[in-house]
Amino acid sequence: MVAEEKQTVEEEITEKEAMEQTAEAQEDDIQERPGDTAEGTEEDTGECGQEESEEAREACEEKEKKGLFGKKKKDKKDQKIEELTDQLKRQMAEFDNFRKRTDKEKSAMYEIGAKEIIEKMLPIVDNFERGLGGVPEDKKEDPFVEGMNKIYKQMMTAFEELGVKPIEAVGSEFDPNLHNAVMHVDDEEAGENVVVEEFQKGYLYKENVVRHSMVKVAN
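Residues numbered from 1 in each chain as written. Predicted model: local features only at pLDDT ≥ 70, side-chain atom pairs only at ≥ 80, totals over all residues. Heavy atoms only, no water.

A.B. asks: Just give me the short version of the sheet that holds strand S1 (residues 164-166), but keep the residues and values in it.
C.D. replies: An order of S1-S4-S5 is seen for the 3 strands of this open sheet, with the pairing classed as antiparallel. Strands at the two margins of the open sheet, each flanked by one partner only, are S1 and strand S5 (208-211). If you compare each strand with its neighbour and ignore which way they point, the axes differ by 35 degrees on average. Both strand S4 (residues 203-205) and S5 contribute to a ladder of 3 bridges, which runs antiparallel. In the sheet register, leucine 204 faces S5, and the bridge partner there is valine 209. Packed on one face of the sheet, helix H4 (residues 76-133) meets S1, S4 and S5 and runs near 45 degrees to S5. (Pairing = 2+ DSSP bridges. Helix = DSSP H or I, 4+ residues; strand = E, 2+ residues; numbered from the N terminus. Axes fitted to C-alpha atoms, helices over the stretch in contact; angles between N-to-C directions. Contact = heavy atoms within 4.5 Å.)

Here you go:
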């Protein structure tokens, strides 16, 4: 009987010592985690501890930068760079449109100015042609006449280089976009609606009419 009581006491002592050792182990584990507070751990509060290793701190900061669904939040610096880049692209596109529009306007202004000058030069060409056309055959070799003829040819060469060319009239079908009919005539030998005579020569400047041809048309 005494032996049984002794064994029971020894078992109680052993169980008590085991419980004390478990309590001490739990207390040591708590002391080894100084970052934990009564309000929760750093992971609970979302703040990165200063005493953690550099790798752990970087991982924590990377985690804080991520928003919902694991998407990484943009820094203010990155957002500002994107805004400035987008603004620059828009300004470059606007400038390119402005440059193209300005070039087109300059080209149109140049053509309008050139057309006005050509219109003022055409009466001079008409007078040259009338004067040279009225020279008698025996006077065509006269030095003065030859000089005037050379000036006329030089002027027509300059017109051609600028893109000015006469409109084809006699023998062509009447075109209201190119010809101005001032007279109609019945001519059995001529085709229907064909120009049979030209009273004043018309001219084109880069496919644009500077002056319509004044013509006679057969019905």
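Past the structure itself, the notes keep going.
A.B. asks: Let's hear about the side chain of serine 213: which residues, and what values?
C.D. replies: Position of serine 213 relative to the elements: it lies in strand S6 (residues 213-218). When sequence neighbours within four positions are dropped, the list of residues in contact with serine 213 reads Ile167, Ala169, Leu178, His179, Asn180, Glu198, Gln200, Lys201 and Gly202.

A.B. asks: Just give me the short version of the side chain of histidine 179, but keep the residues and values in it.
C.D. replies: Looking at where histidine 179 falls in the secondary structure, it is placed in strand S2 (residues 179-185). A distance of 3.1 Å separates the side chain of histidine 179 from the backbone oxygen of glutamate 168, its partner in a polar contact. Once residues lying within four places of it in the same chain are set aside, the contact partners of histidine 179 are Ile167, Glu168, Ala169, Glu173, Phe174, Val195, His212, Ser213 and Val215. (Polar contact = N/O pair within 3.5 Å; in protein donor to acceptor, adjacent residues only side chain to side chain.)

A.B. asks: So what's going on with unusual backbone geometry? Residues and values would help.
C.D. replies: Here asparagine 193, not a glycine, exhibits a phi torsion of approximately 60 degrees, which is positive. Looking at where asparagine 193 falls in the secondary structure, it is placed in the loop between S2 and strand S3 (194-200). Phi at glutamate 207 takes a positive value of approximately 70 degrees, unusual for a residue other than glycine. Structurally, glutamate 207 is set in the loop between S4 and S5.

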